[in-house]
Amino acid sequence: MSSESRLEENELIRRAKKGEFAAFEELVNMTEGKIYNHLLRLVNNPSDAEELLQETYLSAYKNISSFKGNSTFSTWIYRIATNHAFMLFRKRKPELPIDELPLPTHEELKRREIRDWDFDPADAAQSGEVREILSEAIGELPENYRAVVLLRDIEGFSTAEAAEALGINEGAVKTRLHRARIFLREILSSHFAPEELAAMEGK
Amino acid sequence: MAYDKLSCKEILEKLSEYIDEELDPSMCDEIDEHMGDCPPCVAFMNTLKKTVKLYNTSGDEVDIPSPVRTKLHDFLRRRCNEEKE
Ligand SMILES: [Zn+2]
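Structural notes, computed from the coordinates. (Residues numbered from 1 in each chain as written. Chains lettered and ligands numbered in written order. Predicted model: local features only at pLDDT ≥ 70, side-chain atom pairs only at ≥ 80, totals over all residues. Heavy atoms only, no water.)

**With respect to the environment of Asn83(A)**
Residue and element names in this part refer to chain A.
Turning to step 1, where the next piece is worked out: Relative to the assigned elements, Asn 83 resides in helix α4 (residues 73–92).
Turning to step 2, where the next piece is worked out: Overall, Asn 83 belongs to the partly exposed group, its relative accessible area being 39%.
Turning to step 3, where the next piece is worked out: As a C-alpha pair, Asn 83 and Met 1 span 82 residues in sequence and 24 Å in three-dimensional space. (Helix = DSSP H or I, 4+ residues; strand = E, 2+ residues; numbered from the N terminus. Buried < 20%, exposed > 50% of the residue type's maximum accessible area, 1.4 Å probe, protein only.)

Here is the structure:
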């Protein structure tokens, strides 16, 4: 973010804190597109995403006085949006599994005859069929892992920004990201390298 | 070197940081050395890299549908005003 737009943002926040709705609405205009996309990917359902979007910004309006400017306004909104999405997940599935996703062992990699995929990922990602596979795989991730992958690998957040947006520390971002990527790799491999032997049974 | 040699387990734990270039150079050298003669690890790392790359390049944004946007702004105008009263 340029220092100029940062100044403009600070000015809008200052006015919004005084209760000026037009200034708040301007902040909504600046962020709503990204937040809508994020929520849609996270909950995978347009009507839930729409409702969460409304709750997110209402909550931001009510709590704007607690925004201290330690992060950008946008990161702060991501955090509110993610919190609301997780409240919805817990409401629907109170027994949210907290199992850690597994890492493979070295022996397992040798036994499974892991092999490389013979395509260029940038080209492959243009195919509609591949995109479908990618998004289904994301949908199979446990929600707290899904949120990390979305921010880091799809939305381009740094480790520090993702930590800020999720309210967890950077170490937890790295651990979850790594395990999530391995989980996704497994699903993708079953499509792209079906001759690879399956992961250890009994996991 | 200031630390012990990485075990195979530690190498597998650090692959994402390696891919993201977040490891210090001496650890990277050690991983490179291991990869030098371990084809399964090489294939695993390459497919992990491709997984990341696929997701990096697949994230197209949809425009927020205009009815969704209209409803959001109507909702906020109404509810934020109630807040003020
Ligand atoms: Zn190895």
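**Regarding helix α8 (residues 143–154) of chain A**
Turning to step 1, where the next piece is worked out: Spanning 12 residues, α8(A) covers 15 Å between terminal C-alpha atoms, matching the ideal 16 Å at 1.5 Å per step.
Turning to step 2, where the next piece is worked out: Here α8(A) lies mainly inside the structure; 11 of its 12 residues are buried.
Turning to step 3, where the next piece is worked out: The set of residues buried in α8(A) consists of Glu143(A), Tyr145(A), Arg146(A), Ala147(A), Val148(A), Val149(A), Leu150(A), Leu151(A), Arg152(A), Asp153(A) and Ile154(A).
Turning to step 4, where the next piece is worked out: Of the surrounding elements, those touching the buried residues of α8(A) are α2 (21–43), α4, α7 (128–140), α9 (159–166) and α10 (170–192) of chain A together with α4 (39–56) of chain B.
Turning to step 5, where the next piece is worked out: Of the residues trailing α8(A), Gly156(A) is marked for its positive phi of about 75 degrees. (Expected span 1.5 Å × (residues − 1). Contact = heavy atoms within 4.5 Å.)

**Points about the packing of α8(A) against α10(A)**
Residue and element names in this part refer to chain A.
Turning to step 1, where the next piece is worked out: Interaxial distance between α8 and α10 falls to 9 Å at its minimum, and their mutual angle equals 95 degrees. The angle between α8 and α10 falls in the class roughly perpendicular. Note on element contacts: α10 touches α8 through Val 173, Arg 176, Leu 177, Arg 179, Ala 180, Arg 181 and Leu 184, opposite Asn 144, Tyr 145, Val 148, Val 149, Arg 152 and Asp 153.
Turning to step 2, where the next piece is worked out: Partitioning the contact of α8 with α10 into residue classes produces seven nonpolar, one polar and five charged. (Axes fitted to C-alpha atoms, helices over the stretch in contact; angles between N-to-C directions. Parallel < 35°, antiparallel > 145°, perpendicular 65-115°, else oblique. Nonpolar A, V, L, I, M, F, W, Y, C, P; charged D, E, K, R; others polar.)

**Considering the environment of Cys80(B)**
Turning to step 1, where the next piece is worked out: One can find Cys80(B) in helix α5 (residues 66–84).
Turning to step 2, where the next piece is worked out: In contact with Cys80(B), not counting residues within four places along its chain, are Phe21(A), Leu58(A) and Tyr61(A).

**Looking at the coordination of the zinc ion**
Turning to step 1, where the next piece is worked out: Every protein donor of the zinc ion is accounted for by His106(A) (NE2), His34(B) (NE2), Cys38(B) (SG) and Cys41(B) (SG), and the metal-donor separations fall at 1.9 to 2.3 Å.
Turning to step 2, where the next piece is worked out: Each of the four donor atoms bound to the zinc ion contributes to angles spanning 103 to 115 degrees, and the resulting shape is tetrahedral. Across the pair, exposure class does not vary: His34(B) and Cys38(B) are buried alike. (Donors = N, O, S within 2.8 Å, 3.2 Å for Na, K, Ca; no water. Tetrahedral: all angles 85-135°; square planar, octahedral: opposite > 155°, others 65-115°.)

**Structural notes on the interface of chain B and chain A**
Turning to step 1, where the next piece is worked out: Taken together, the 45 residues of chain B in the interface contact 54 residues of chain A.
Turning to step 2, where the next piece is worked out: Summed over both sides, the interface of chain B with chain A buries roughly 4600 Å², with 65% coming from carbon and sulfur.
Turning to step 3, where the next piece is worked out: The largest per-residue losses of area from chain B upon contact with chain A belong to Phe44(B), Leu54(B) and Tyr55(B), which jointly make up 16% of the total buried on that side.
Turning to step 4, where the next piece is worked out: Scanning the region where chain B abuts chain A turns up 10 salt bridges.
Turning to step 5, where the next piece is worked out: Put simply, chain B and chain A have 22 residue pairs in polar contact (both at pLDDT 80 or more) between them.
Turning to step 6, where the next piece is worked out: Elements represented by at least two residues in the side of chain B that touches chain A include exactly α1 (8–13), α2 (15–19), α4 and α5 of chain B.
Turning to step 7, where the next piece is worked out: With 14 residues, the single largest contributor to the side of chain B that touches chain A is α4(B).
Turning to step 8, where the next piece is worked out: Of the residues belonging to the side of chain B that touches chain A, the class tally is 20 nonpolar, 10 polar and 15 charged. (Buried area = accessible area lost by both parts, 1.4 Å probe. Salt bridge = Lys/Arg side-chain N within 4 Å of Asp/Glu carboxyl O. Polar contact = N/O pair within 3.5 Å; in protein donor to acceptor, adjacent residues only side chain to side chain.)

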